[in-house]
Structure formats: structure tokens, C-alpha cells
Amino acid sequence: MGTLTIAAAQFAPVDDPTANLETVRRAAVNAARRGADLLVTPEYTSYFTADIDDRFVAAAEPLDGPFVTGLTNVARETGIAIVAGVAEVGEGERFRNTLVAVLPDGSIGATYRKVHLYDAFGSRESDRIEPGATDQLPVVTVQGVRVGLETCYDLRFPEVTRRLAAAEGGAADVVLVPAEWVRGPGKEHHWRTLLTARAIENTVWVVGVGQTPPVGIGSSVVLDPSGVAVAAAGATPGLLVATVDTAVTDAVRTVNPSLGLRRYDVVPRG
């Protein structure tokens, strides 16, 4: 059993990695003051414009570049772990939509490259983004709690969370979903419904953290393994803090042992 205090910083990243890194630094200092062990920031924290175009490719950095190096420095300075979305250098004319989990000592504990690209609702991420490998199973341990990673549109594919929650020998206690959930008719309803479903069906803690308007919806939330929101935000920038407790997970799974009762495994298509 263990506990992990998580801070979710929702804001709207801009097209200036230096400015975005400063926003993360301020959020990390605030999170540390409020007792957080881990800070989570949105998808595309390092760089963002409303259009996924050549500017993203030009702005992409390697994982030993200035932005991630800056994250490692902030983690060491504040003594907390950080999970942030970055535009990583890819192959040719595409970049990688990557989550980086930095541990308090400044080391990189895990990375995750988004598998399901947002080729929906009029968008075409695959034109500029290189998809991640389907066999990724990104789970990193922070303060004894296992933290799984997925990104935005992955949320619409329940098998992503199921693999994280049911992994043999390293199942996630909490799943983080950094996102740039684009505003639109019914999108707030989709976001909250899908996050809640992933928590309930996997009896796992789920933390969704989104970009704020003008493009994103904000609406960051921390859900317990029964799907109850223990903390939630609106559309304005800010910091949400809540504690994940695996004793709650054990209690929920005693009543509802659905993971143990499942009859199917999830196998990547390739």
C-alpha cells in the first residue's frame, strides 16, 4: 500500500519552449509547497500552436535537449517528479508526441510516445506526428506507487488503460492522461465520461490534465477507482492537488474484483 500526492497543472502552452518551461517551474514550486510528490502538465507542454504543422517539426527537440534538460533541473530543485508532454525530434518531416516522466533526482524514469494519433474531428496528427510503438508499457514508480502514462486521444481506446492496469508484475496504481482535449460540441462530456469509464472498468485511479482555452477545455480531474471525482477544475489555469491512496484501490477491488474476473487479454495489433 502507498500514497502519492499528485498536482495537475492546467494551462495553455505557447509557441515558446522557454516560456513554457518557466510555467512548469512555477507550477512545480507551487506543487512542492502544497506537498505534492508528482506534477503532471498537459500534452504539448513544451510547444503548442493551434495547428499541428511544420512549426512543430522545427521546434521539436531531442530528449537531451534544452526543454527536457530544464525539466530535470526543475525536478532536482523542487524535489518532485514531473510528467510533461514534449515535442520530440522524429524522423524526416514528422515529430514525436512524447510524455517524459522525470524523477526527483533528475533522471528520466519513463517515456511514452503517443500511439493513437488524432486523425478525427477534422484533425490529422499523422501528417506531422510519428506514432509510437504499440508494445510500449510505460509504468514508472514514484514514492512506491506505480504510475502509468497515456496521452489524450489514447483515452478513446479502452485497451490502452486496460494494459496499464493489468500488466503482470507492474500494473499501474494510477494512470495519468495529459491532454489537449480540443473544445467542441459535447467534448467536455466525452472527456469526463471516458476518464470515468477508464477508472471504473479498471478499478484504478485516473488523473486527466488538459490544456485550458482558447483551444483546450481544461477540466482536469482526479478520479478514484470507483469513478468518484476527488478533485476537479474548470476552464481557468490553475493547480489541482489530490492524494492517490492504494488502500482505496484495494477496498474497491474487494467489492468489485472485475480485473480478476475478466476473460480476455489485450494484444497489440501491430
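Just above, that's the structure.
A brief look at the structure comes next. As the structure is a computational prediction, the values presented were derived from the model and not from experiment. (Residues numbered from 1 in each chain as written. Predicted model: local features only at pLDDT ≥ 70, side-chain atom pairs only at ≥ 80, totals over all residues. Heavy atoms only, no water.)

**Here we look at the overall build of the protein**
1) Next: For the protein, the helix and strand inventory stands at seven helices and 12 strands.
2) Next: Relative to the globule expectation of 18 Å for 270 residues, the C-alpha radius of gyration of the protein, 17 Å, shows essentially globular dimensions.
3) Next: Dimensions of the protein, computed from C-alpha atoms along their principal axes, come out at roughly 50 × 40 × 35 Å.
4) Next: Within the protein, the fraction of its 270 residues that count as buried is 53%.
5) Next: Considering only intrachain contacts with a sequence separation of at least 6, the fraction spanning at least 24 residues in the protein is 69%.
6) Next: Of the roughly 11300 Å² of accessible surface on the protein, a fraction of 51% belongs to carbon and sulfur atoms.
7) Next: A distance of 4 Å separates the average location of the 24 positive side-chain charges in the protein from that of its 32 negative side-chain charges. (Helix = DSSP H or I, 4+ residues; strand = E, 2+ residues; numbered from the N terminus. Rg over C-alpha atoms; globule rule 2.2 N^0.38 Å. Buried < 20%, exposed > 50% of the residue type's maximum accessible area, 1.4 Å probe, protein only. Contact = heavy atoms within 4.5 Å. Areas by Shrake-Rupley, 256 points an atom, 1.4 Å probe, with all protein chains shown as cover. Lys, Arg positive; Asp, Glu negative; His and termini not counted. Charge placed at Lys NZ, Arg CZ, Asp CG, Glu CD.)

**A few points about unusual backbone geometry**
1) Next: Cis rather than trans, the peptide bond between Pro213 and Pro214 has omega equal to 25 degrees.
2) Next: One non-glycine residue, Phe121, lies in the positive phi region at around 55 degrees.
3) Next: Relative to the assigned elements, Phe121 resides in the loop between strand E5 (108–113) and strand E6 (139–142).

**Let's talk about the pairing of strand E4 (residues 95–102)**
1) Next: Taken across its eight residues, E4 has eight buried, putting it largely inside the fold.
2) Next: As paired strands, strand E3 (residues 81–89) and E4 are joined by eight bridges and run antiparallel to one another. The residue bridging Val89 from the neighbouring strand is Phe95, located in E4.
3) Next: In this antiparallel pair of consecutive strands, E3 and E4, the connection spans five residues, and Gly92 shows a positive phi of 60 degrees.
4) Next: Pairing between E4 and E5: five bridges, direction antiparallel. (Pairing = 2+ DSSP bridges.)

**Notes on the nonpolar core**
1) Next: Ile6, Leu38, Val147, Leu149, Val174 and Leu176 are the most contacted members of the largest nonpolar core, which has 27 residues in total.
2) Next: Core analysis: the second largest hydrophobic core is formed by 22 residues, Ala28, Leu39, Phe67 and Leu239 among them. (Core = buried A, V, L, I, M, F, W, Y, C linked by side-chain atoms within 4.5 Å.)

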